[in-house]
Amino acid sequence: MIIQLPLNQIKERTMINYDTVVIGGGPAGLASAISAHNNGAKVFLIEREARLGGILKQCIHDGFGLLYFNKKLSGPEYAQNFIDKFNELKIENTTNSFVTKITKKDDQFLIEYVSEDGVKAVSSKTLILSTGCRERTSKQVFINGTKPYGVFSAGTAQYFTNILGVLPSKKCVILGSGDIGLIMARRLTLEGVKVFGVYEILPSPSGLTRNIHQCLYDYNIPLHLSHTITKLYGENRLEAVEIAQVDEKMQPIKGTEEKIECDALILSVGLLPENELAESLGVPLDPKTRGPIVNENYMTMVDGVFTCGNAMQVNDLVDYVSFTAEKAGQSAAKYKIKEQTYNNVEASKDFEYVLPQRLSKNIESENVDFYFRTKKIEAKVQVQLLCNDKVIYSKTYQHLKPPEMEKISIKSTDLMINGDFKLIMKRG
Amino acid sequence: MKIKTLQRKIKKLYPSVVVDTKDGCVHLTGTLDNRDDIVNAGYMSVDKKRYLGVLNDIKLKGFEEPKIRIPKTNDTTLDGLRVDCLVIGGGISGTSILRELTRYNISALLVEKESDLAMQASGRNDGEVHPGVDLNKGSKKQYYVVRSNPEFGNICKELDVDFVRRGQYACFDKPINPLLKLYAKFRSMNGCPTTVANKKEIEEKETHFTKKVKCAISNPQSGVVSPYELTIAFAENAVSNGAKVSLDTAILDIEVKGDKIISVKTNKGTICPKVVINAAGCFSDKIADMANDRFFTIHPRSGTDFIFDNKISGQINHISSFVSAKKNKKKHSKGGGIVKTIDNNVLIGPNVYETPYREDYSVVAGSLDEIIKKQERLLPSLNKKDIIAYFTGTRAATYEEDFYINKGRKTKNIVHCAGIQSPGLTTAPLVAKDVSKMAIEELSEVMKVEENKSFNPIRKKDPILRKLSSEERNALIKKNPSYGRIVCRCEQISEGEIIDCLNRNIKVPTINGIKRRVRPGMGRCQGGFCMPLVAKIISDHEKFNIYDVKGKQSDYPVTFKSNKRENHD
């Protein structure tokens, strides 16, 4: 029998108040929780999986931590550094716990979650949404033909291979040259899987240059640029894919079709920040980053709600995730309710985006970090930040590539001007 | 049309086609270059008053019809089995008939060639429970739909399947006129309550529609249901009342002696039924042919639907379509629309195209653009980016464009439930009653049939935790902590709910079987996160290796054993 106890009674008995509740226990959540704790906040972290560490748990390759730790670590090693610290500080947390609902009332957040212990609720002054991102699916790239099993996103293939110890394929084709796709090309090759090649619709690779070399060229895996998959074959299990060359408008060129027999198609066609919880709180998102619009402290447009890591923007290096998370944690711990006015930050059309999208008129930190991505491959360009048509910052880049996110740090004193900011690019 | 006249008319268009009569049907043979011509010749030959049906055996030049997909399994588990009633086909028709048969104390077996129920047309449609507003009196479709629609709530209550009457708007860009009012009155008189909604009323209920909508034909009795959930529910209730279901079981041949079916050969052995019910969907004419009792032809007609993220469910409430001014009279489907499914996903489609393939579910290039272009005229806020899934289904159309529900004409112990296409989901409960009655009549000639006094029409579904209040959810988790472990983050499905579905009376321990029952993988990530977790739960519960977990079909695994494991295992 179900006992009809009003939820407010359950809550009154069990609900604990925190300064900061962190949602997500991946690299972003861990770093932000540690940072908030070190800045004096009473912190509670909620993780939906059984173990902390997020996606890094399955990233057994190395290359993590070059910026943060000055050494090359594997994903689990990188995560473990933070998990150890987190445990050392005895930060309260719950795993296998799924947030079902967040409501804001009188400057307090009420967070309901489900765990093996039942339906629970906690409250807090601030929230850090470190919910990471998810992979774009095969349905979102609209491949014609059948819908067989054997079409995996690279992350799913990686989970099967590295966590469950089974192989998603015996012979496969990879669509998209995003980093996880490149990593999986190498990983599956090492497992004895035949990888016919990586096919990328764009004329340039989407992953980091180092991954193109270390994962593809070192293993003789061909990279086919300006190619895409046009059709799938096989009703129950993938039997073949049809590939074709594409023109400048990314449309398949008739007559270039080729059929490759394979049992799996691994997709690395982009990542999407997961912001369903943010949206439920009315947090406005930036259509370009797909993450919340933030200020220099990574506070969203809803007061008291912070974000960081891959939920804020898709990062190519986890080190940047940790940096933004620490900033978000510190900001959340120091957060005080007050009226704020803002200047907007915009990027010219040469850029994919710039972040933060707005700056407080009264910046409290010493520096502000700006993150941006170029839209196209550029060589020898000057990136300038303007305010009221005046150059406040300028930096020359020998190369800019869309897969590589750039970070610039600007002194706050230079940014305390009244007016909107614009990031521009000057060529030659 | 006299056969001579028809011969002359067809000869004119298609000189190579031979027109004849056979068993009271028009019989077409020959070879043509174009599929549409074959279909057209079929339609030309329809004359319900003069002939029993159309047998269109015209071949498509250079085309060899693919053989029916037969499961790889071969065993003798059903060999020598004697059953009173054998139902062929595990779609909505077959399972609803099976349940009706369990009202009698007879032995009933349903065979389905796929690894799950509702794998073809019954699992590949928009789930609309139709009002029948577009159907004319005189057809079986219309007869059943207007009688079945009002009963639908009761059936769903008995089977514990969610059903909501969303209401239907067929929208017009012209203001209300007397003709529309007359049309509504006429439809109402024919058993389909219909009104005309004005602009104000529509705007109140549908805030995202284009401003061009001026009025609509309104049918509040239209509803939505999960077609595969209902199919499975019928079968589960039938099994709990004593019927048997055998999946992965295909009909290979039927042995007929004189006017009787003697035995039915399957990949699991030869079955000896007293009566056979043909509910084989797109293959029903093939089954009829095997039973030497073919009086109709199925010409498969495909269409694709696209499903949007449930985030946009607030954009629409009614099952809606925009009636275009230019109406193509030749089209035999309504031309699609927008449906908010029972699971609150917005679904658009389908399109329509004739195909020689009976089980090709591929999506043809251009479908998306065709459909979205059509539906965004009504709902301009639709955005391709919000599409999370799509599927193709095939309608089992006859040339008469009507159901073929009849006892065998040449072979006595068969009942056909064929040509079932839209609104076959709506009509299933009532059609099942009539078909089972025909089967029982036939059966009564060879045995004594009594009522099954212990028949229980009630099926109870397992708890769906995300739909419960926090208090109810909490109480269930306290009893069973696995209800608190969320496996699918998009749809909030717990491990406990997946295990429940592995303990049902028809167990389908595949990724797809779980997905269709409790929905992990139906959300925006399409199983990216949960598919490996579901595989692990299946393998733990069923005590087999993860690399033995199957996707859709029980002969196709999702993953393979690692080469490196070879030495360890």
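Residues numbered from 1 in each chain as written. Chains lettered and ligands numbered in written order. Predicted model: local features only at pLDDT ≥ 70, side-chain atom pairs only at ≥ 80, totals over all residues.

**Student:** Break down the domain arrangement of chain B for me, with residues and values.
**Tutor:** Here chain B is partitioned into domain 1 (3-60), domain 2 (71-160 + 223-297 + 399-461), domain 3 (161-222 + 299-393) and domain 4 (465-567). A separation of 51 Å is found between the C-alpha centroids of domain 1 of chain B and domain 4 of chain B. (Domains from an automatic or database assignment.)

**Student:** Can you tell me about the interface of chain B and chain A, naming the residues and giving the values?
**Tutor:** On the side of chain A, 42 residues touch chain B, which itself brings 45 residues to the contact. Elements represented by at least two residues in the side of chain B that touches chain A include exactly strand 23 (387-398), helix 12 (470-479), helix 15 (530-542) and strand 28 (560-561) of chain B. Broken down by element, the residue count for the side of chain B that touches chain A peaks at eight residues, all from helix 12 of chain B. Counted by class, the side of chain B that touches chain A contains 23 nonpolar, 12 polar and 10 charged residues. Across two bridges, the pairing between strand 12 (residues 166-167) of chain A and strand 28 of chain B is antiparallel. Residue pairing for strand 28 of chain B: Val166(A) is matched across the bridge by Lys561(B). (Contact = placed C-beta atoms within 7 Å. Helix = DSSP H or I, 4+ residues; strand = E, 2+ residues; numbered from the N terminus. Nonpolar A, V, L, I, M, F, W, Y, C, P; charged D, E, K, R; others polar. Pairing = 2+ DSSP bridges.)

**Student:** If you had to explain the packing of helix 3 (residues 92-101) of chain B against helix 8 (residues 227-240) of chain B to someone new, which residues and values would you point to?
**Tutor:** Residues and elements named next belong to chain B. At their nearest, the axes of helix 3 and helix 8 sit 8 Å apart, and the two run at 30° to each other. In terms of axis orientation, helix 3 runs roughly parallel to helix 8. The hand of the helix 3/helix 8 crossing is left-handed. Contacts between helix 3 and helix 8 involve Ile-92, Thr-95, Ser-96, Leu-98 and Arg-99 from the former and Pro-227, Leu-230, Thr-231, Phe-234, Ala-235, Asn-237 and Ala-238 from the latter. Looking at side-chain class alone, the contact of helix 3 with helix 8 contains seven nonpolar, four polar and one charged residues. (Axes fitted to C-alpha atoms, helices over the stretch in contact; angles between N-to-C directions. Parallel < 35°, antiparallel > 145°, perpendicular 65-115°, else oblique. Left-handed = near helix turned anticlockwise from the far one by under 90°.)

**Student:** Please provide a residue-by-residue account of the nonpolar core, values included.
**Tutor:** A general feature of soluble globular proteins is that nonpolar side chains tend to end up buried together. One finds Cys85(B) and Ile277(B) to be the most contacted residues of the largest nonpolar core, which totals 138 residues. Ignoring sequence-local partners within four residues, the contact set of Cys85(B) consists of Leu101(B), Ile106(B), Ala108(B), Pro273(B), Lys274(B), Val275(B), Ile277(B), Ala439(B) and Leu443(B). Counting 104 residues, the second-largest nonpolar core is a separate cluster that includes Met299(A), Phe370(A), Phe421(A) and Leu476(B). (Core = buried A, V, L, I, M, F, W, Y, C linked by C-beta atoms within 7 Å. Buried ≥ 20, exposed ≤ 12 C-beta atoms within 10 Å, placed from the backbone.)

**Student:** Tell me about the confidence of the model for chain A, and please be specific about residues and values.
**Tutor:** The predicted coordinates should not be examined in detail at positions where pLDDT is low. In the predicted model, chain A carries a mean pLDDT of 94, and the fraction of residues at 70 or more is 97%. Low pLDDT, under 50, characterises residues 1-5 of chain A; the stretch is placed with seven contacts to residues that sit more than four places away or in other chains. (pLDDT = per-residue confidence, 0-100.)

**Student:** Give a detailed account of the sheet that holds strand 9 (residues 163-164) of chain B, specifying residues and quantitative values.
**Tutor:** Across a sheet, paired strands are connected by hydrogen bonds in the backbone, their directions being either parallel or antiparallel. Residues and elements named next belong to chain B. Overall, antiparallel pairing links the three strands, which are arranged 8-13-9 in an open sheet. The two strands at the open ends of the sheet, each matched to only one other strand, are strand 8 (128-129) and strand 9. The pairing of strand 9 with strand 13 (residues 223-225) spans two bridges and is antiparallel. Of the residues in strand 13, the one forming a bridge with Phe-163 is Val-225.

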